[in-house]
Each structure stands twice: as C-alpha cells, then as structure tokens.
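Results of the structural survey
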Amino acid sequence: MTNVGVVEKKHLFINGRDVETETYTALYSPYTGDVIAEIAMADEKLTKEAIRAAQEAFQVISKMPAFERSAILEKVVELLKERADLAAEVIARESAKPITFAKGEVSRTIETYKFAAEEAKRIHGETIPFDAAPGGVGRIGYTVRKPIGVIGAITPFNFPMNLVAHKVGPAIASGNSIVLKPASQTPLSALFIAEIFKEAGLPDGVLNVVTGSGSVVGEAIIKDDRVQMITFTGSPAVGIGIRNKAGLKKTTLELGSNAAVILDKDTNIDQVIERCILGAFSNQGQVCISLQRIYAHEEVYDQFVEKFAAAAKQLKLGDPLSPDTYISSLISKKETERAIGWIEEAKQNEAAVVAGGKLTDGILEPTVIVNVDPLLKVSCQEVFAPVVIVNKVSSVEEAIGYVNNSRYGLQAGIYTKNIDKALFASEALEVGAVMINDVPTFRVDQMPYGGVKESGTGREGIKYAVEEMTELKLVVWNRGEK
C-alpha cells in the first residue's frame, strides 16, 4: 500500500490496472489546505472504456459460484482488518473526518463487506402454488434472482469508504460488475478499496473506479445503454436529474434529509444529551440522517436547551488526525460559508444562537439555534453542517406535524415512555424509518435504509440492495396433466 503522507498521482482503475489520463487535478486537504494527491480526470472515452471492461467482466462474475464470490468478499474483510488504521487515515486526510469517527467508519465498512459475503450465499427465490388457480393445475414453478449487469455507482464524500461498500458489496455478492465514480473530494478511499479487491482475487474489470467531474464521468455512466442500473447517494437536485436521464435503467437514489427527533414530556433529559450530541455533530453534521431538528415538549424544553448547549460548547475542535478532536473542517470553504449564511439568516429572523454560530480557526463551531421559523433554511433545507435547531412544542401531535412538514422523509426519532404515543408516531411520521427512544441518526449496515418524498427511492442495506440489483425470473414446468 502507498504511504498516504506522500503526494502522488492517483490514476483511474480500469480492468484491474492503473490507467493514466492526460489531465490531473490537485486534491487538497479540507483542514490544512495542503495538496495531498494528484487525481486523474477521466474523459468520456475513458469512462466508456471502463463500462466496456465491466460489461465483459459481467460474463465472468455472473457465472461465478456464490461460494467463490463470498470468499472474495471474506478476503476483503480480512485485508481491510489488517489495514484498518491506514484506511482510517486515508478517510481523515481526504475528508477531514475526525480520526475517531474515521475508525468507526472503517469498522462499519468491514461489517458491510462481511454482510455482503454472507448474503452472497442467501440469494434465492420461492416456489409458486400454481394449482391455486384452475388454469395452473398440472404446473409447478419457482422464481430465481439473476444479476442485472453493469451497475453505475456514484458516491458522496461524507462516508467515502462505507457508502462505497454499500454499493460495491451487494453488487459483487449478486454477481454484477461495477463502474464506480467516487466524490471528487474523496477518491482515495475508493482507490484504496479497489486495490484491496484486486489483491483479494476479484476478476479484472468487475470493479472499475473512474475519477473526474460529475458532468463528464457521471453523465457518461448515466446515459450509457450498457449500464443497467444507477445507484446514487447525494443531493436531491442531482438525484432528480439522474432519474430524468436514466430512462428504463433501475435507480436507487439515497438523497437528502433534515432529520428530526421528538422529546416527549416524560423524557429523561440527562439520558438523551449524549445521543443528541452524537446525532447532531458527528462528522461535522455531514450525515444524511444527521439530527438537524429537535422538537422538545414545553415541560422539558428549557432543561434540554441548557444542557444540550452546554455539552455542545465542550466539544473539541481541531486537526482531524488528533484522537481527541470531535469537530473539524467542513468539506470545503464554500460549504462553510453557506452554513454561516444560513445561521445569519436565522439570527436576522428572531432566532437565537445559544451555542456556536461562528468560526474558530476556520472550523464552524457546533451550533444550536432556538426559536426557529419552520420556513428558514436551517429548518426546512438540509444544512449538512454542525447546526441543529431546537423548538418548543406542546404535544407529540404538534411535533409530528412539524416533522412531516418537510420535503424530506428519511428517518425520524421520538423519545417517550408512552407506548401509545410511540405507536402513534411510528404510524404517523412520514419517513422511511422511525427510531423509538433514539435519534434518527441510528443506522446499522444490515437494516433496510432509504426514504420517501425527496429523500429518495429504493432501499440499501445489503439484503435489500441485492434485491434491487437482481431481477426476479420465473420458471414454470408443465407436467402434461390436464
């Protein structure tokens, strides 16, 4: 493996080998501003070459027995465990994710590939009772799941290794090939994993990593007829554009959110502060299910705001490679400026900042805002920064109304000791998943994950992604009976 401290050229990975390009661009650390690598910029021709390689490799991987696909994924797990510290450093350097959280991401990535290895052996169909209909007497039948072909995967910067795993793992488990376009700011994690897959024995061309701009590489992948499915994690605007251009391709779109939690009047505030801090501020709030909105019952509101703001002020800011850093730089100065602008808008509209709200050495402090109008950007849009609002409500029903008054619907949470309220919330909240007595930021990698409204279509979570990446095929036998 390459020493991540050395500035080097990183090439495309096509058909099992490094491919040079005519153009390279500097990759800068979001924290230090230093150049950490020179990244290849693919053009349309090279992207199509990667698709061709994947199309040819599909003939190999689709015919490979399940136990062999599983063994390759198990080998990836083994190799990634051996290089876990190096993998975490790659993530921290390219994304400014604090090293503690980067190590957590690597652990989850290992789990994700482990789940993929296991699911490779559990892809099956069912028998159909044809004699349930008069016309079906004398026939027996069953379904099987077949891989669909070349999958185009487009991944974001915020979980550059684990969100790649959520696309690559189930694709390989189900016998598909992949052309992967990682986020422009975080290509090193994807190239790191490609090297591991090659060492693990994955046939050449099954996994191809093509770096470059979305307008060139992404467009070429989306529009190419040889690509059978697009799996994308990113913004709603880009996701909607992909859906419009994809034609009859399958699409799984994991898009934005402004996730909320409800604190009922019986909530033990001391017990939820740490979870709310983690939900709101881990990875600088750059998480699709980051806790962005808190609706606290009026009987616990003041106590919660006081303790939550005090806890936010204690979080350590600094170098992402320092083990005690909790908050580091956002992915770019542009995103930092946008978040500051949204905070200022809130202040100008009678909201109050009770913690943070400003920069310290270029890092946005964890920010808590109260008395926020629902129409302000920090409430109704996805802030993707360490910013959370806390508003007072008089009932769970009122809070659910605020949660549902959103263009998004990924995950939501509610803290309550009242089982009737919990059951009511689980039915009434318009989201893909409801967390009872937890923040909406909870996720483990085997669970179904996805949203409604502008939060996307389809589901991830290895078993569920395998279903998305396969086609159901029916086989019927006529036994000749009349």
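For the structure itself, consult the block above.
Keep in mind it's a predicted model, so treat the numbers as computed, not measured.

Quick word on the sheet that holds strand β15 (residues 352–355)
Pairing in this open sheet of seven strands is mixed, and the strands run β15-β18-β19-β14-β13-β21-β22 from one edge to the other. Both outer strands of the open sheet, β15 and β22 (433–436), are each paired with one neighbouring strand and no more. Between one strand and the next, the sheet's axes are offset by a mean angle of 25 degrees, whatever the strand orientation. Here five bridges tie strand β14 (residues 293–297) to strand β19 (residues 387–393), and the two strands are oriented parallel to one another. In the sheet register, Tyr295 faces β19, and the bridge partner there is Asn391. Strand contacts of helix α9 (residues 269–281): β18 (367–370), β19 and β21 (411–415), with the helix running at about 130 degrees to β19, the strand carrying the most contacts. Contacts between helix α10 (residues 301–313) and the sheet are confined to β13 (260–263), β14, β15, β18 and β19, with β19 contributing the most and set at about 170 degrees to the helix.

Considering the packing of aromatic side chains
In total, this model carries six aromatic pairs according to the counting rule given. Look at Phe281 and Phe308: their rings are 5.9 Å apart centre to centre, the planes differ by 20 degrees, and that puts the pair in the stacked class. With Phe281 in helix α9 and Phe308 in helix α10, the pair connects residues that are 27 residues apart, well separated along the chain. With respect to class, Phe281 is no different from Phe308; both count as buried. Each ring, one from Phe304 and one from Phe308, has its centre 5.0 Å from the other, and the planes form 15 degrees; the classification is stacked. Of this pair, Phe304 and Phe308 both sit in helix α10, four residues apart, which is roughly one turn of the helix. In this pair, the class of Phe304 matches that of Phe308, namely buried. Each residue in the set Phe281, Phe304 and Phe308 is aromatic and connected to the rest through ring pairs, giving one cluster. Lying over the aromatic face of Tyr24, Lys9 brings its terminal NZ or CZ to 4.5 Å of the ring centre. A cation sits over an aromatic face here: Arg108 above Phe159, 5.8 Å from the ring centre.

Calculation criteria
- Each chain carries its own residue numbering, running from 1 in the written order of its sequence.
- The predicted origin of the model limits local features to residues at a pLDDT of at least 70 and limits the giving and counting of side-chain atom pairs to 80 or more, whereas totals for whole chains, interfaces and linings rest on all residues.
- Note: side-chain values were computed over all heavy atoms of the structure, leaving out hydrogens and water.
- Between any two strands, at least two bridges found by DSSP are needed for them to pair.
- A run of H or I in DSSP becomes a helix once it reaches four residues, and a run of E becomes a strand once it reaches two; helices and strands are each numbered from the N terminus.
- Whenever a helix is involved, its axis is fitted only over the stretch in contact; in every case the axis is a line through C-alpha atoms, and angles between N-to-C directions fall within 0 to 180 degrees.
- Any two residues whose heavy atoms approach within 4.5 Å at even a single point are treated as in contact.
- Note on ring pairs: Phe, Tyr and Trp rings are taken, using the six-membered ring of Trp, and paired if centres are within 6.5 Å. Classes follow the plane angle, with under 30 degrees stacked, over 60 edge-to-face and the rest tilted.
- When accessible area is computed with a 1.4 Å probe and restricted to protein chains, residues below 20% of their type maximum are described as buried, those above 50% as exposed, and intermediate ones as partly exposed.
- Think of it as a cone above the ring: NZ of Lys or CZ of Arg counts as a charge over the ring if it is within 6 Å of the ring centre and within 35 degrees of the ring normal.

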